[in-house]
Structures are given as structure tokens and as C-alpha cells.
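Observations on chain architecture
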2 protein chains.
Amino acid sequence: MADKVMDRRIARTRGTLQRALSSLILTKGYDAITVDDICETANVGRSTFYSHFTSKDDLKRRGLDEHLRELLADRRRNAPAPGDLKDRHLAFSLPLFEHARDHLDLYRALAGSRGGGVSLGAIRQIVSDLVREEIADNADRNPGDVIPRDVVVTYVVGAYMALLTWWLDGGAKLPPQRMDGMFRQLATEGIMPPDSEER
Amino acid sequence: MADKVMDRRIARTRGTLQRALSSLILTKGYDAITVDDICETANVGRSTFYSHFTSKDDLKRRGLDEHLRELLADRRRNAPAPGDLKDRHLAFSLPLFEHARDHLDLYRALAGSRGGGVSLGAIRQIVSDLVREEIADNADRNPGDVIPRDVVVTYVVGAYMALLTWWLDGGAKLPPQRMDGMFRQLATEGIMPPDSEER
DNA sequence: CCAAAAATGGACAGAATGTCCGAAAAAGGA
DNA sequence: TCCTTTTTCGGACATTCTGTCCATTTTTGG
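Residues numbered from 1 in each chain as written. Chains lettered and ligands numbered in written order. Predicted model: local features only at pLDDT ≥ 70, side-chain atom pairs only at ≥ 80, totals over all residues. Heavy atoms only, no water.

Things to note about the overall build of chain A
A count of helical and extended segments in chain A gives nine helices and zero strands. Mapped from its N terminus to its C terminus, chain A presents α and β elements in the order α-α-α-α-α-α-α-α-α. Put simply, of all contacts in chain A between residues at least 6 apart along the chain, 66% involve residues at least 24 apart. Accessible area of chain A: about 11000 Å², with a carbon and sulfur share of 49%. (Helix = DSSP H or I, 4+ residues; strand = E, 2+ residues; numbered from the N terminus. Contact = heavy atoms within 4.5 Å. Areas by Shrake-Rupley, 256 points an atom, 1.4 Å probe, with all protein chains shown as cover.)

Spelled out as C-alpha cells, the structure:
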């Protein structure tokens, strides 16, 4: 962006503060953290903190923005050729699981259950946009009592975020491919096991 | 419980404080509320507040517990005869939507997006128990690469809570029966519209 | 080596928390 | 109704955290 060349001290200070916040979130949960905690962990003066960020929330938000930009850049870079796997639905899932695994501690802080909502909301928003885009087509036809697109989006994104948070909280034991496969199967085929068609 | 007869003043004070909190949550969001706000809204002295509750979170949690007890009592009362609609899956859904509609403002405070997580977690826990119970059977067989029960529970509950929150935030415009129908259809049949079997 | 920029620590006012106490008010039993 | 018990009240208090400001020291990059 506008940060063509940045003073080493600034980069170092901000980076240290971001990392301190992430580690504290995993330690004691976001709500219980004070600005003092962050500064002490980061070995940074409190006045320095306030010369970079206006509050704890500001620090969190800006760190999040940065990494979400990275995520979207990844996505753009690895975008499947349009029309390639065109009929592969919910394509956002695997890249996001992989990105989360590659930045596990950060994601556990941002999207884990200790992260305290704020970040989760931003991530949820991004995922919502991706999903809405994908299922945009098949909504307009069938004016009858079809399920509204907003409902489908809410449903899918809620389920996905829950899986992501669960996976991160448990230390991301299962491989991203497995998580992605299960999610897409549940979303497209429903929760009934294949042999329970018996009634 | 142990509250056989309760001094009128105590009942009145606690009730007023609970109601004050609920209304404030809808007004300014849970995080921004101070104990002073609650006391002023309720016309109760601050020392009185602390003689009943240890903190804002305590007040919220105890109010939540009370109403969750009521919800479970409702559920027990209206429980379908076991074996009656045995094959109707996800039976918890409709009663919970209806209960939420009957106590709309309270639920918007507890489970709406302004409620700030804490209550959502408790509700999610209860719903998780109900869902886990229901899909307990069909898990043990098929030792192969079947989707683990925890994953299915997480998926379903995440989707349900997202729908519930979305519905409440929007003022619960759609009838509970509609919400229930859409949820159960999405959960059992997946998100594909019936006519998109084309590939 | 030097001027500009950043980091530091300490002081400060303001807000909110949680505790304590004496005095006023309300409740409920006799 | 009266009297004792319990609750409520309001104010004072110590503590913690916030956010701002400034004079001083340190680091950076040219």
C-alpha cells in the first residue's frame, strides 16, 4: 500500500506487538488482555503502543486485515482456471483450510473460540461473500417457495465457520483435505449416512 | 430450587436488573454496557447490584440459566411420544424456533449478534447435546472413513445457530415453521437446488 | 557524523470496578 | 399496629485500566 519503505523500528515494534497479542490470546483469552499485558510481553513502552495503535481492538483489527489480504492474494494466485473445475462447488473451502493450517497459531487466535468474536465476524463476512457469489446463479429462477439465497448462505457459512473453529481449537489434527471433503459432502449431500435410506 | 419464598424486594430488584440488561443489550450492545448503566436503567443502587450479583457477566449468566431451564421444561412437557414421530430428524429445531419467537426480545439479546458470545456458547452447548443424542445411533457401524460424529454435530449445530442468529437479528420475520422446514431440508438434502442435478 | 524520527518512562485525568459502612426504608411475623 | 429483621441506599474509598502529553534518550538512514 502506502508503506513503500518503513523504518525498521516501526516494523519491528508493530510486528512484536502483533505477535504478543496473538500469543496472549491463546494464553488468557482476548477479553482478559490489557494494553499493559501486550506491552510487557512485547517489551514495548506503553506510549509507543499508543503511537501506533489507538486501542487493543485496533491492533487486532489491523493484524487481521493484513492477513486477510494475504489470504485473498493467495486465493487469486492459486485461482483455478475459470471453467477448469467449474462444477466443483464450494471451492473456497480447501484453500482456506490450508491457509489456516499454514498459519495455525495465528488462526487459532483469530478464529478459535478464545478469539472473542471480532475477528470471526470479519472472516465470516469474507466467506459469506465468496459463498454468495458461488450460489448466485440458481436463485432467480424458480420463483416459488425456493429457499432464499440469504438463508442458504447463512446456513453454509455458519456450518463452515463452526467446522473451522472446531478444527483449530482441537489443534488441526485432521488434514485440510479431509476437512474439506467432509464439509463439501455434508453441504451437498446432507447429513444422512448413505446407508440410512432405510426408514 | 432453594428459593421457596423470596422477599418481594429481592425478586423485584433481580427482575428489574435482568430486564434492564436485556434492554440495554439491544440498545448499545453487551460490551459497551457498564454496571452503572444497568443500575441507572433499573433504578437500583450500585451497592445493591453487588449484593445480588458479582459482575455484569454473573447477571447475564444467571438470567440465561433461568430461561434455559424454562426452555428445557417446555421441551419435556411437549415432548413427542417416544416412537411417535421417531423418524422425524432434528426434532429440536421447531420447538426452539418457536420458543425464541415467544421470547423474541430476550432471545435477540441472548443469541443476537449484539449479545456478545457468552450466551451463544451456552445455547450452542445445549443444542449440541440434543443433536449428538439424535445422531448417536448411526455412528458406530461402518468403521471406515465415515464422517466422525463430532464433525457432523459441529456442522449441524453451527449451521443451526447461524440461522437462529440471522433470523433473530432480522426481527424474526419468517414464521418458525418456515425456518424449521428450510433448516431440515438443507441439513438432510444438502444445499443443491433440486433442478441442478444437471452437470 | 548528524539531523530526523522513533522509543521511552513517567505523570496525569478520567472512567469503571468492586468493597465497605452507616443510615433509611421496606417487609413480614407477632 | 408494632417491632425486629432484612434489604436498599448513597457515598467514600482503593484499585485497575485507559488514553494523552511531554521531556529525554536511543536508533535510524543518509
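Structural notes on the side chain of Ser128(A)
In this structure, Ser128(A) sits in helix H7 (residues 118-134). Excluding its chain neighbours within four sequence positions, the residues that come into contact with Ser128(A) are Val153(A) and Val157(A).

Re helix H5 (residues 93-102) of chain A
Those residues of H5(A) lying buried are Ser93(A), Leu94(A), Leu96(A), Phe97(A), His99(A) and Ala100(A). Contacts made by the buried residues of H5(A) are with helix H4 (56-77), helix H6 (104-111), H7, helix H8 (149-169) and helix H9 (176-189) of chain A. (Buried < 20%, exposed > 50% of the residue type's maximum accessible area, 1.4 Å probe, protein only.)

Things to note about the protein's contact with DNA strand C
Close to DNA strand C lie 20 residues, the nearest being Thr13(A), Gly45(A), Ser47(A), His52(A) and Arg46(B). Within 4 Å of the protein, the contacting atoms of DNA strand C are 58% sugar and phosphate, with bases supplying the remainder. With respect to DNA strand C, the backbone of Val35(B) contributes an N or O atom lying 3.2 Å from a phosphate oxygen. Measuring from a base oxygen of DNA strand C, one finds a side-chain N or O atom of Arg46(B) at 2.8 Å. Breaking the surface near DNA strand C down by element, the ones donating at least two residues are helix H1 (8-28) and helix H3 (46-52) of chain A together with helix H1 (8-28) and helix H3 (46-52) of chain B. Classifying every residue of the surface near DNA strand C gives four nonpolar, ten polar and six charged. (Near = heavy atom within 4 Å. Polar contact = N/O pair within 3.5 Å; in protein donor to acceptor, adjacent residues only side chain to side chain. Nonpolar A, V, L, I, M, F, W, Y, C, P; charged D, E, K, R; others polar.)

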